[in-house]
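# Descriptive structure summary
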Amino acid sequence: MRLLPSLVTSVAGTTILKLGYCGTKFLSWTYCISPELAVSSINAGQVKRLEGAEYSENGTLLDFQIELVQREHNADKADGLMIISDFARDGYNAVLGCGYSSVTVDAATYGRASETVMIGYSATSPRLSNKELYSYFLRLCTPDSAQATVITDVMQANDWRQFAFLSTSDAYAQGLADYVAQLETERTELQLKGTYQSVEFAADFGDRAVQKRLWGPAVDRLIQTRAKVWMICVGADLADKIYEFLAEEYAFLFGPEYVRITCETFSMAFGLVQSVVRAQPISTFGDFNIEPKSDSPVFDAFLDRYKASSIDEFGEFCRCTSEEVAAGKCVNPDQNFVANGEGVTGAYLDAMFDAVFSFAQASLNVKNRDGNLPVEDIKGRVLLDEILGLEFQGATGAVSFDEYQDNYGGYCVNQADEDFNQICVWRWMGSLQPVSELKFKPFDGAKTASGAPSDEPQCSPGSMRVMVDGALQCIECRAGTFSSSSNSPACTPCAAGSVAPMDGAEECTPCAVGSFGFNSTHCQRCDPGTFASSVGRLVCEPCPAGSISSGGASSCSLCEAGSYTAAKGFSECLPCSAGFFQGSEGATSCDFCPAGTFSDTPGQPGCTACGLANGGTGGMIGVAHGQFCVCDPGFYFRCRDGESNSRCILNSGANVTCEPCPSAKTGSVVLRGLDCAGGYESRAGMSGSIEDLSSLQHAQPVNLPGFMSLVESPYESWGCRNERQCFGGVPGVCGPAGRDGNVQGCTTCVDGMFGIGDDCSDCSGSREWLMIALPICFFFSIPAMYYFCNSPVTANVGSMLATTMAFGMIVMILQVFGVF
């Protein structure tokens, strides 16, 4: 891609509009220089002047100029995208192009995303009329929906019914073929019958081996239709190559009993096609070509401007280097540009001028209406809406845009004379109008085309009659194809879901139920998890969720209760996990077991109730083991198998029940001294395995603070004097160390300890200091006794009474110290 230097030098105070050109110089000078010619004509006030513009005395625009920058896409989609991306990034007001429909379709998609206005001048594909996809694309050239109408009108004018349509698979040629096929269906009064062959667009089509591989089979199939009218439409850069290939490989197609109609791309590449025709020993006398062309005086003035120009007026963009010519990247200008205007086809010259003029007039309108709007903001939706509202007499005729942002111009239906000059015999502006008499009427006389096959063998059903080395032969249909009639021009592939396992088939057999057509030659059993309920299936459908199938199934079976499948395509049902259930067939999921029930075995249609009065699962759902059936709070689990004083293992299997939490006894007063939490006792270090679960124990009643129970009777609670003596907890536990848990109410100390208030002390520790204190106390007690006996208080008491009282005091002291 080369960048053309700016055509306009910016002048202070002048509004400079930046217009990008996405095109090619590959085809002809007419095609290449037209944007430069249009811009220079408008800037110089030639051909047609802008409304509301100011011009100098010599006609040049004042304070308003268009700056054109041209980029080459080489018919490459990626290059076209990059060009539009660059123009959008650099803030161009609009873009002309991109020329080729195949390049423009992708570029216009980016144009919509970037809100870049694209003005088409030669991209005619009907696809581009879709404004949901290409909302920022509009065009001055007539879309191919009109060219398709011209083709069918030519068929009607010549009373032709059957035709062959050969095209490439690109957006332009394929789009035109599709629209002709649509009109064939809609215009039933014409009774048209077309056969269409589309060929892959190949970059290396110049290679003869590639030509034979791609075009040969398609041409052979069309020959078998015996159609004498051939419509040929390819990308413009293949026009000369397809003519060369047909002339060398199928020369009889250029005989007088055949007629060829070529689409508008052949007029674009007229010089190249003309060179091929003149180099071949063939006659194209009578060939028709559809060319977009106007009889507007504006176009005549623009064409005169073209004829008066010279190659030296234009920039480097359109000049071919010797390397480009040698590589086929650029044509020799001597073949395509004549300064005197001789041989100029004018293809898209009119649309190019109107495209540039629309851009200039709309931009000027915006500038005059809102002078404060910066020039760089005259683009996007503002510019697009202004262009779509234009109506003017242009080079294509009366210019206006419909709801698809298309403008309709005129066509010439040209016919080639003996020297391959193109003579306009019909003009089309909504209908065909004769311009001159036909130079040659196809099918005139009973002439036999040179090289046409003469001997035609009769071929039976199961075979086809095809051209081999210039002669028709019967070829047996291959496996996977069939022909049901004699002399069939081709074998038809079996429809999807049917097969022809052997060669020579007259019909295809639909695949049976439970199987599908794999490759048109044999049926294959449906895989497990799929099914085919009818014959002739291309693929087997996956079984719906909740059902399964084995191989070769014609239907699916519902999953049984207790199982499910959560998605399509299962061959086996999955059992519900433990803790879940499913009571219905055809389920897609399993449900949690409700609270108070459990399911300890996979695949269950229901859950088992715990069966405990005043018990259940503690509110848990999805319980997977019966061991989790526990007592409710306020109740406890008590075995009735003779082991009522032992704690019950959860899965003991004994006849068990949940009983109310017992009351405590404190004399004649009954209090609640036990706490029954319900559930089971948790222990640290459990892994959650079934082995651990089987060793869990039901939570047993525990004493509240201030109460205790005996080990041998854990469910009988006794009140203590206070919480200091009884901390509560498991049976046999008192408060301070030393209180005897085997005594109701923890009222005494254990052996070897003595009570001091609520506490108990060790007796063995007190004897050591008593052995020292006793002699001392005894020594001091004698004087005390003597004093007591002889004191004035006891002087009048008898000696025996005094002695007795003294002895009693000594005994009391000894008792205090625990001697006795």
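Rules behind the numbers
- Residues numbered from 1 in each chain as written.
- Predicted model: local features only at pLDDT ≥ 70, side-chain atom pairs only at ≥ 80, totals over all residues.
- Heavy atoms only, no water.
- Helix = DSSP H or I, 4+ residues; strand = E, 2+ residues; numbered from the N terminus.
- Expected span 1.5 Å × (residues − 1).
- Bend = angle between axes of the 7 residues up to and from the residue.
- Buried < 20%, exposed > 50% of the residue type's maximum accessible area, 1.4 Å probe, protein only.
- Contact = heavy atoms within 4.5 Å.
- Phe/Tyr/Trp six-rings, centres within 6.5 Å; stacked < 30°, edge-to-face > 60°.
- Salt bridge = Lys/Arg side-chain N within 4 Å of Asp/Glu carboxyl O.
- pLDDT = per-residue confidence, 0-100.
- Pairing = 2+ DSSP bridges.
- Axes fitted to C-alpha atoms, helices over the stretch in contact; angles between N-to-C directions.

This brings us to helix α6 (residues 208-224). Helical geometry note: an α-helix holds 3.6 residues per turn, so side chains three or four residues apart project in the same direction. Compared with an ideal rise of 1.5 Å per residue, which puts 17 residues at 24 Å, α6 spans 23 Å between its outermost C-alpha atoms and is within 8% of the ideal. Along α6, the sharpest change in direction is near 40° and occurs at Trp215; proline Pro217 comes one to four residues later. Here α6 has its buried residues at Val210, Gln211, Leu214, Trp215, Gly216, Ala218, Val219, Leu222, Ile223 and Gln224. Those residues of α6 that are buried are in contact with β6 (162-168), β7 (193-199), β8 (229-233), α7 (239-249), β16 (463-468) and β17 (471-476). Arg226 sits one or two residues past α6 and shows a positive phi near 65°.

Attention shifts here to the packing of aromatic side chains. In this structure the tally under the stated criterion is 15 aromatic pairs. Arranged with centres 4.7 Å apart and planes meeting at 55°, the rings of Phe87 and Tyr92 form a pair that is tilted. On the accessibility criterion, Phe87 (2% relative accessible area) is buried. Relative to Phe252, the ring of Tyr250 lies with its centre 6.4 Å away and its plane at 75°, an arrangement referred to as edge-to-face.

Turning our attention to the pattern of salt bridges. Opposite charge on two side chains permits pairing when their charged atoms draw close. In this structure the tally under the stated criterion is twelve salt bridges. Among the ionic pairs, Arg71 bridges to Asp86, the shortest N-O distance being 3.0 Å. In this pair, Arg71 is assigned in strand β2 (residues 64-72) and Asp86 in helix α2 (residues 77-89), connecting sequence segments 15 residues apart. Comparing Arg71 with Asp86 shows no difference in burial state: the two are buried. Asp406 is the partner of Arg139 in a salt bridge, and the nearest nitrogen-oxygen pair spans 2.7 Å. Remark: Asp406 occurs in the loop between β12 (397-399) and β13 (411-416) and Arg139 occurs in strand β5 (residues 137-139); sequence separation between them is 267 residues. Asp406 matches Arg139 in its accessibility class, with the two residues each being buried.

Averaged over every residue, the pLDDT of the protein is 78; the share at 70 or more is 77%. Under a pLDDT of 50 for its full length, residues 1-12 has, in the predicted model, 36 contacts with residues more than four places off or in other chains. Residue range residues 444-454 is modelled with pLDDT below 50. Its contacts to residues more than four positions away, or to other chains, number 16 contacts.

Right, let's get into unusual backbone geometry. Even without a glycine there, the phi angle at Asp159 is positive, about 60°. A positive phi is found at Gln405, a non-glycine position, where the angle reads about 65°. According to the relative accessible area criterion, Gln405 is buried, its value standing at 9%.

The next subject is the sheet that holds strand β4 (residues 118-120). Read across the sheet, five strands follow the order β2-β1-β3-β4-β5 without closing on themselves; strand pairing throughout is parallel. The open sheet is flanked by β2 and β5, the only strands paired with a single partner. In this sheet, adjacent strand axes meet at a mean angle of 25° when their direction is disregarded. Contacting β3 (94-97), β4 and β5, helix α3 (residues 101-114) runs over the sheet at an angle of about 150° to β4.

To continue, consider the side chain of Ser563. Among the secondary structure elements, Ser563 is positioned in strand β28 (residues 563-564). Residue classification places Ser563 among the buried residues on the basis of a relative accessible area of 11%.

Our focus in this paragraph is the pairing of β8. When you tally the buried positions in β8, you get five out of five residues, the bulk of the element. On β8, burial covers both faces: Val229, Met231 and Cys233 on one face and Trp230 and Ile232 on the other are all buried. In this structure, β6 lies alongside β8, joined through four bridges in parallel fashion. Among the inter-strand pairings, Ser167 is bridged to a residue of β8, identified as Cys233. In the sheet, β8 pairs with strand β9 (residues 259-262) via four bridges, with the strands oriented parallel. Paired with Ile232 across the strands is Thr262, a residue of β9.

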